[in-house]
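# Descriptive analysis of the structure
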Amino acid sequence: MGSLSCCLLLAMALLTPCAADARKEGGAWLSTAQDASTTTGPQCDLQGLWRNELGSNMTLSAPAADWTFSGSYHTAVAATTKQILVSPLQGSQQPPGAKGQPTFGFTVQWQFTDSTTAFVGQCFVDRRGKEILETTWLLQEEVPSRRDVWKATRVGTSVFTRIK
């Protein structure tokens, strides 16, 4: 490892709060009512408007006290001839740890087709403070019989960036 890499690793280790400090501060998010000065380093906040690489938009609410959230999803792509409608989503996240980059999961109940999608992922903050949601999803569509189950599930990934 080069000397620059070692210096960067050391600097990041010194700037990362310890887990005890994160627990003491309640894993403070910048979007909560807690004082933002109690957090060290960039914190990832799921609340807001997000867009993925295909142009789909989703809006996520602030997490409740039990770290659940809700929102809406407007897909830009679908394997249907029906009109695409905004669809509700429900999810939960892990409380942010010392690194402030929590994992989360949510489901979307599509309003225009007989399918459901489950997303899991993690929120990341890059060095410039840009928030990114890296997700993997499973889409389960309704099929007419058990013989067709083999073709009922699709899997993929989506990367969301914050719009607001």
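Note that this is a predicted model, so its numbers are computed, not measured. (Residues numbered from 1 in each chain as written. Predicted model: local features only at pLDDT ≥ 70, side-chain atom pairs only at ≥ 80, totals over all residues. Heavy atoms only, no water.)

### Considerations on the packing of aromatic side chains
Pairs of aromatic rings are described using the distance from one ring centre to the other and the angle between the two planes. Considering all chains together, one arrives at 8 aromatic pairs under this definition. When the centroid spacing of 6.2 Å and the interplanar angle of 85° are considered together, the rings of Y73 and F160 count as edge-to-face. Remark: F160 occurs in strand 8 (residues 153–162) and Y73 occurs in strand 3 (residues 68–74); sequence separation between them is 87 residues. Relative accessible area serves as the criterion here: at 3%, Y73 is assigned to the buried category. Site record: aromatic cluster; members linked through ring pairs are F69, Y73, F104, F106, W110, F112, F119 and F160. (Phe/Tyr/Trp six-rings, centres within 6.5 Å; stacked < 30°, edge-to-face > 60°. Helix = DSSP H or I, 4+ residues; strand = E, 2+ residues; numbered from the N terminus. Buried < 20%, exposed > 50% of the residue type's maximum accessible area, 1.4 Å probe, protein only.)

### What to know about the state of the cysteines
Per the stated rule, a full pass over the model turns up 1 disulfide. The residue that forms a disulfide with C44 is C123, at a sulfur-sulfur distance of 1.5 Å. With the S-S dihedral at roughly -55°, the linkage between C44 and C123 falls on the left-handed side. In this pair, C44 sits in the loop between helix 2 (19–24) and strand 1 (48–52) while C123 sits in strand 6 (residues 115–125), placing the two residues 79 residues apart along the sequence. You'll find C44 and C123 in the same group, each marked buried. (Disulfide = S-S within 2.5 Å.)

### A few points about unusual backbone geometry
Even without being a glycine, W67 presents a positive backbone phi close to 70°. Looking at the secondary structure, you find W67 in the loop between strand 2 (57–60) and strand 3.

### A short note on the side chain of T135
Along the chain, T135 falls in strand 7 (residues 131–141). Classification of T135 as buried rests on a relative accessible area of 3%. A polar side-chain atom of T135 sits 2.8 Å from the main-chain carbonyl oxygen of S158. Residues in contact with T135, not counting those within four places in the same chain, are F104, F119, V120, G121, G156, T157, S158 and F160. (Polar contact = N/O pair within 3.5 Å; in protein donor to acceptor, adjacent residues only side chain to side chain. Contact = heavy atoms within 4.5 Å.)

### Observations concerning the confidence of the model for the protein chain
Do not read the predicted coordinates in detail wherever pLDDT is low. Residues with a pLDDT of 70 or more make up 75% of the protein chain, whose mean pLDDT is 80. Across residues 3–39 the pLDDT falls below 50, and counting only partners more than four positions away or on other chains, this stretch makes 32 contacts in the model. (pLDDT = per-residue confidence, 0-100.)

### Digging into the pattern of salt bridges
In this structure the tally under the stated criterion is 4 salt bridges. R154 is the partner of E141 in a salt bridge, and the nearest nitrogen-oxygen pair spans 3.2 Å. Of this pair, E141 sits in strand 7 while R154 sits in strand 8, and the two are 13 residues apart along the sequence. On the basis of relative accessible area, R154 is assigned to the partly exposed category, the value being 37%. In this structure, D148 and K151 form a salt bridge, with 4.0 Å as the shortest nitrogen-oxygen distance. With relative accessibility at 17%, the residue D148 sits in the buried group. Under the relative-accessibility criterion, K151 is labelled partly exposed at 43%. (Salt bridge = Lys/Arg side-chain N within 4 Å of Asp/Glu carboxyl O.)

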